[in-house]
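# Observations on the model geometry
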Amino acid sequence: MRIYLLSIFTVVFCCSVSAQNDNLPEPQKNIYLQLLKQAKLLHCEYRFADAITVCENIINSQIAASNILDSAKLQIVISENSRNLVNYIFEPKIAGKQKVGISNFINVYDSLSNGHFAPHAKSMLMDADEEKNLPLVFYPNQNSNNADAIYFSSYGKDGKNGLDIYIIHRINDTIWSEPALLETTVNTQFDEMYPYIAEDGKTLYFASNGHYGMGGFDLFKSAFDEEKGIWKQAENLGFPFSSPYDDFLYIPDNNNDFACFSSTRNCDNENVYVYKTEIIINPTYKAVENYEKLQQIANLDVVVENDKEEENECVEINIEGLENNEDYLQMLKAARYYNNRFNEIQKSLDSLREKIYDVENEEQQNIEKQILDKENELFDMQYIVSQLSIYISKSEYDFITKGIQPTLTDDLKSTVNIEYPVTNEPETNMETFGEKMYNNIRLTPCIEIATSQPTEQDMFNFTVNEKIIMVHDYVLPDNLIYRIQIISMADDRKIESDFFKNCSPVTTDLYKNNRRYYIGLFRKYVDAETAMKQLKTLGFKDIFISAWNDRETITLREAKNMESKQKLPTNKANSHTEVNKIYRVTVGPVGVEKPVIQLINEYASGKDVSKIINSDNKIVYNIGNFTTFEQAIYLREKLIANEITEVNINEVTTK
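As the structure is a computational prediction, the values presented were derived from the model and not from experiment.

## A closer look at a negative patch on the surface
On the surface, Asp-127, Glu-130, Glu-131 and Asp-158 cluster together to form a negatively charged patch. Along the chain, Asp-158 falls in the loop between β4 (149-154) and β5 (164-169).

## Considerations on unusual backbone geometry
Following Phe-239, the chain continues to Pro-240 via a peptide bond in cis, the omega torsion being 10°. Secondary-structure assignment places Pro-240 in the loop between β12 (235-236) and β13 (247-252). With a phi angle near 70°, Tyr-46 is a residue other than glycine that sits in the positive phi range. If you trace the backbone, Tyr-46 turns up in the loop between α2 (26-44) and α3 (48-61). A positive phi angle, near 65°, is found at Asn-502, a position not held by glycine. Topologically, Asn-502 is positioned in the loop between β19 (480-490) and β20 (503-504).

## A closer look at the nonpolar core
Among the nonpolar cores identified, the biggest contains 26 residues, and Phe-105, Phe-117, Tyr-194, Phe-248 and Leu-249 are the most heavily contacted of them. Among the elements of the structure, β8 (192-197), β13 and β15 (271-278) are those that each provide at least two residues to this core. In this structure, Leu-480, Phe-540, Ile-543 and Ile-545 belong to the second largest nonpolar core, which totals 24 residues.

## What about α3?
Given a rise of 1.5 Å per residue, 14 residues ought to cover 20 Å, and the 20 Å separating the end C-alpha atoms of α3 matches this to within 8%. Along α3, the residues classified as buried are Phe-48, Ala-51, Ile-52, Val-54, Cys-55 and Ile-58. The buried residues of α3 occupy one face: seen down the axis, they fall within an arc of 160°. Residues of α3 that are buried in the fold lie against α2, α4 (66-85) and α5 (291-298).

## Some remarks on the packing of aromatic side chains
Under the definition given, this model contains 28 aromatic pairs. Measuring from centroid to centroid gives 5.6 Å for Tyr-46 and Phe-239, while their planes differ by 65°, and the two rings are edge-to-face. Of this pair, Tyr-46 sits in the loop between α2 and α3 while Phe-239 is found in the loop between β12 and β13, placing the two residues 193 residues apart along the sequence. With respect to class, Tyr-46 is no different from Phe-239; both count as buried. Every member of this aromatic cluster is reached through a ring pair, and the members are Phe-90, Tyr-205, Phe-241, Tyr-250, Phe-261, Tyr-273, Tyr-275 and Tyr-285. Directly above the aromatic system of Trp-548 lies the positively charged group of Arg-483, at a separation of 4.3 Å from the ring centroid.

## Side note on the packing of α2 against α4
Taken N-terminus to C-terminus, the directions of α2 and α4 make an angle of 10°; their axes are 11 Å apart at the nearest point. On the basis of the axis angle, α2 is roughly parallel to α4. Where α2 abuts α4, its residues Lys-29, Tyr-32, Leu-33, Leu-36, Ala-39, Lys-40 and His-43 lie against Ile-68, Ser-71, Ala-72, Gln-75, Ile-78, Ser-79 and Ser-82.

Conventions we followed
Residues numbered from 1 in each chain as written. Predicted model: local features only at pLDDT ≥ 70, side-chain atom pairs only at ≥ 80, totals over all residues. Heavy atoms only, no water. Patch = residues over 30% accessible without salt bridge, like charges linked within 9 Å, V, L, I, M, F, W, Y side chains within 5 Å. Areas by Shrake-Rupley, 256 points an atom, 1.4 Å probe, with all protein chains shown as cover. Salt bridge = Lys/Arg side-chain N within 4 Å of Asp/Glu carboxyl O. Lys, Arg positive; Asp, Glu negative; His and termini not counted. Charge placed at Lys NZ, Arg CZ, Asp CG, Glu CD. Helix = DSSP H or I, 4+ residues; strand = E, 2+ residues; numbered from the N terminus. Core = buried A, V, L, I, M, F, W, Y, C linked by side-chain atoms within 4.5 Å. Buried < 20%, exposed > 50% of the residue type's maximum accessible area, 1.4 Å probe, protein only. Expected span 1.5 Å × (residues − 1). Arc of directions from axis to C-beta. Contact = heavy atoms within 4.5 Å. Phe/Tyr/Trp six-rings, centres within 6.5 Å; stacked < 30°, edge-to-face > 60°. Lys NZ or Arg CZ within 6 Å of the ring centre and 35° of its normal. Axes fitted to C-alpha atoms, helices over the stretch in contact; angles between N-to-C directions. Parallel < 35°, antiparallel > 145°, perpendicular 65-115°, else oblique.

These figures come from the coordinates and say nothing about function on their own.
Take a look at the structure:
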């Protein structure tokens, strides 16, 4: 597996090289190209003002080729955007980071409980996706809040706007709606990739190199406007999550406590950094102008808590005059500590109560026990905090009214253990994030895209193509119809679309809790028989032709009798004999190196074949007889598709 990464800088620079002005002397071209490269390097070092100055010098020279001028102007826009984005920033708390190869970077993310990543289902691929390297798709679990929608990136039908984000909606267990393109508030004329819908179903995270950003892929989010039923204008997550490098795949956890995302900053082409950051709801923003400070923040170094420093940090004093009272300071520290423990236990308890509904019976009992233990611990913490609060308030009152300095009694020390507070919760070792791999990338699930209602011509046109027509519980037309039944199985079982080997059309019906699958729809028995021979060469076994008349099943003998009676009677007044037509296909002359006989056996199995070697030592094949012109045309088209161009159809009249 490869990751899809393409920086807009790469596009700009390659265009500059490939579209050089021939009128400009080669040495001057190289000078300006080097200046453009220098501007990009300055930009990547967060020296945005310097990058702008270099580009302005290129423009002011009035000598550079037009394509170089365009690249310089674009670089100015990107650097100006970046300068604006770092006007007000905050320093996130990075819980962990890991450098990993691009082939499995998603498995470094925290374990995903609401779904998994996998390649595109074959049915989701569109015309312009063929042989393209596409980013992986997130498939939600059926018990997820977002189980009925899948967001994915695709080049669409023509690929003119690069990668765009599409959505498909669930119709039933395996059938999904046709892909729908998201609004221009999300998609641009450049690339959007790695969409991820948060558990609230209203926040879409994705990467784009087309929106207002710092260059390369930036991280964005868009909120769904439920009243208008559209996605709002995408917002950049801002520096340092977005950077001049490629940043992508932002995934918050279900509790909105932490998020993981990836970036190519400080990496070579074969690796990326995966970061885990604490989500801060109301961060404190500040302006940073020094590029060295920006570089430091952009490194996203892991924050390591120092317990000793925390113990010695200043405690906020409520009453003046008690700054040096050690017993009073210890009481304040203990109160703060146990209050924090109370909040942590409450948060853990809420998480367990949510989790209990998503697990099996045995694990449910284990969680119930954990909940009971947490509730008891929560009660103990609440009592300790209450006792401390009462004693601190009384000590402060005695000091203000009587001048008595606070002291700790032995009973209080024994009750709250404030000299050596111990946590029962093991602290997370943030430095080990990413060392454990999770199974976040799995197999592609069965995704079947519903097609628009096919016409009768579509249904009666048996083909073997990449795109198949499949209609469940198809309502048969009136009169006589033949179908080839290929399999029957319980309705609750799933069948992969690859099973049909690109044969079309596929129809189904339900009979006594079994779903029967058919390939092809025919008006004539001979056409159904020809198709069945082809299906057998493709590997289908135990298949047979079935017949219907006015949507009721009939025997093949009845069908053949009906079909023969549908022929027009001979007009004895105008002719004494019935005139019939048959068709033969002539192939050649062709050289012996062409695999004609193999193709004839594949597409006209059972037909008589004769061959003649002419004076030029080349071969002419005659194939027949075909009772309909359509059968002969089918063979001709297949041969031409395989570069056998010397094919003719001959009509033979018989009496």
